[in-house]
Amino acid sequence: MKILGIETTCDETAAAVVALDEGERGHILSNEILSQIAEHAAYGGVVPEIAARAHVEVLDRLIARALERAGTGLSDLDGIAVAAGPGLIGGVLVGLVTAKTLALVARKPLLAVNHLEAHALTPRLTDGLAFPYLLLLASGGHTQLVAVKGVGDYVRLGTTIDDAIGEAFDKVAKLLGLAYPGGPEVERLAESGDPERFALPRPMLGRREADFSLSGLKTALRIEAERLAPLASRDVADLCAGFQAAVVDVVVDRVRVALRGFGSVAGHPTALVAAGGVAANGAIRRALAAQAGEVGLSFVAPPLPLCGDNGAMIAWAGLERLRLGLVDDLTAPARARWPFATAS
């Protein structure tokens, strides 16, 4: 079984081919990703109009390259998977219309994939992970703790009530005058900073619900930065280190709460999983690995190239859905918002 996956929900254009072998393990045959960072850097963030136009300009070539490098053609595929949301609606439409056209011409099943579900299922592609598992899904636009019980069966144990973790990293970077994209810059500078210099808050710490709140932490950092202005390079590094340490403490505490509530909705977890762009953060990965070890769980996170948006995760989610007969017709809509987990 081979699936083409197309991803255009934000500022990466991606296409990939994933296959399922006779042992029921997934294999990435190709995974082409073209980032738009250079196009958006001058604006300090993603500009939806620019993103959509960039997808239009390169998607056809990227799909052709993915098929060529996978050594396959459209006729050899078993389905066309595409991220139909959530995301920037212009970009989502580019990918969805392209996928519908290919599915119609090649007479292949269309699989309209929830981008968040694709992140949630990636550990099954990379590690063959069995259900159920606890997922920290953290990116620029989403922060959720989810019990992943099966394909299409997700229970949300916690979410953010304001900023997503990735969004908070990016806003802090912008406040400190760092280059775009901001999250990796904050992490890089935090390595040389003193995380204890500033007494930054740990919002929601100890709360019974597994929810997040990061706006207060972001505000506290802004107040410190304004007090010290103009900032020296040492100040910036220390602020980054303090902010990242606070986020790590909050994540560990919120995951601890989610683990306590996991059993009542899904039984015993097979693993603690991190996915999404923020899962590439080394400090968060190390802290979660240690936390998982303390409670006797394995920690699973995708390889760094699969933490961000990519076509392989879309193809794999499509493959998982196709195996269950969950296909879509050509009326499948593009969605700017698309919740994928129900509240516990």
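Keep in mind it's a predicted model, so treat the numbers as computed, not measured.

**Overview of the domain arrangement of the protein**
The figure often quoted for interface size is the accessible area lost as the parts come together. Partitioning the protein into domains gives domain 1 (2–120 + 308–343) and domain 2 (130–305). Each of domain 1 and domain 2 was reduced to a C-alpha centroid, and the two centroids are 27 Å apart. Residue-level contacts link 23 residues of domain 1 with 20 residues of domain 2. Each partner contributes to the roughly 1,700 Å² buried at the junction of domain 1 and domain 2, and carbon and sulfur atoms together form 62% of this total. It is His 119, Ala 120 and Phe 340 in domain 1 that bury the most area against domain 2; as a group they hold 28% of the surface buried on that side. Run the count over domain 1 and domain 2 and you get seven residue pairs in polar contact (both at pLDDT 80 or more). At the level of secondary structure, the elements contributing two or more residues to the side of domain 1 that touches domain 2 comprise helix H1 (37–40), helix H4 (115–127), helix H10 (311–323) and strand S11 (342–343). The element best represented in the side of domain 1 that touches domain 2 is H4, accounting for four residues. Tallied by class, residues from the side of domain 1 that touches domain 2 come to twelve nonpolar, seven polar and four charged.

**Observations concerning the packing of aromatic side chains**
Given two aromatic rings, one states the distance between the centres and the angle between the planes to describe the pair. Going through the model one piece at a time under the given rule, you end up with three aromatic pairs. Geometrically, the ring pair formed by Phe 169 and Phe 243 is edge-to-face, given 5.0 Å between the ring centres and 80 degrees between the ring planes. A residue pair is termed long-range when its members are at least 10 positions apart, and Phe 169 in helix H5 (residues 165–175) and Phe 243 in helix H8 (residues 233–266) qualify at 74 residues. By relative accessible area, Phe 243 is classed as buried at 0%. For Arg 335, the ring lying beneath its charged end belongs to Trp 338, and the centroid distance is 4.3 Å.

**Description of the pattern of salt bridges**
Tallied over the entire structure, the rule returns 19 salt bridges. Ionic pairing is found between Asp 238 and Arg 234, a salt bridge with its closest N-O pair at 3.3 Å. Residue Asp 238 and its partner Arg 234 are located together in helix H8, separated by four residues, close to a single helical turn. In this structure, a network of salt bridges that share partners links the residues Glu 24, Arg 124, Glu 320 and Arg 323.

**Examining the UniProt feature "binding site: substrate" (unreviewed entry) in the protein**
In this numbering, the UniProt entry assigns the feature "binding site: substrate" (unreviewed entry) to Leu 137, Ala 138, Ser 139, Gly 140, Gly 141, Asp 170, Gly 183, Glu 187 and Asn 281. Within the secondary structure layout, Leu 137 lies in strand S6 (residues 133–138). On the basis of relative accessibility, which here comes to 0%, the residue Leu 137 falls in the buried class. Beyond its immediate sequence surroundings of up to four residues, Leu 137 is in contact with Leu 116, His 119, His 142, Thr 143, Gln 144, Ala 275, Gly 276 and Phe 340.

**What to know about the nonpolar core**
Among the nonpolar cores identified, the biggest contains 53 residues, and Ile 165, Leu 176 and Phe 243 are the most heavily contacted of them. With 35 residues, the next largest nonpolar core counts Ala 83, Leu 125, Val 300 and Met 313 among its residues.

How each quantity is defined
Residues numbered from 1 in each chain as written. Predicted model: local features only at pLDDT ≥ 70, side-chain atom pairs only at ≥ 80, totals over all residues. Heavy atoms only, no water. Domains from an automatic or database assignment. Contact = heavy atoms within 4.5 Å. Buried area = accessible area lost by both parts, 1.4 Å probe. Polar contact = N/O pair within 3.5 Å; in protein donor to acceptor, adjacent residues only side chain to side chain. Helix = DSSP H or I, 4+ residues; strand = E, 2+ residues; numbered from the N terminus. Nonpolar A, V, L, I, M, F, W, Y, C, P; charged D, E, K, R; others polar. Phe/Tyr/Trp six-rings, centres within 6.5 Å; stacked < 30°, edge-to-face > 60°. Buried < 20%, exposed > 50% of the residue type's maximum accessible area, 1.4 Å probe, protein only. Lys NZ or Arg CZ within 6 Å of the ring centre and 35° of its normal. Salt bridge = Lys/Arg side-chain N within 4 Å of Asp/Glu carboxyl O. UniProt positions renumbered as here; feature names shortened; annotations may be inferred. Core = buried A, V, L, I, M, F, W, Y, C linked by side-chain atoms within 4.5 Å.

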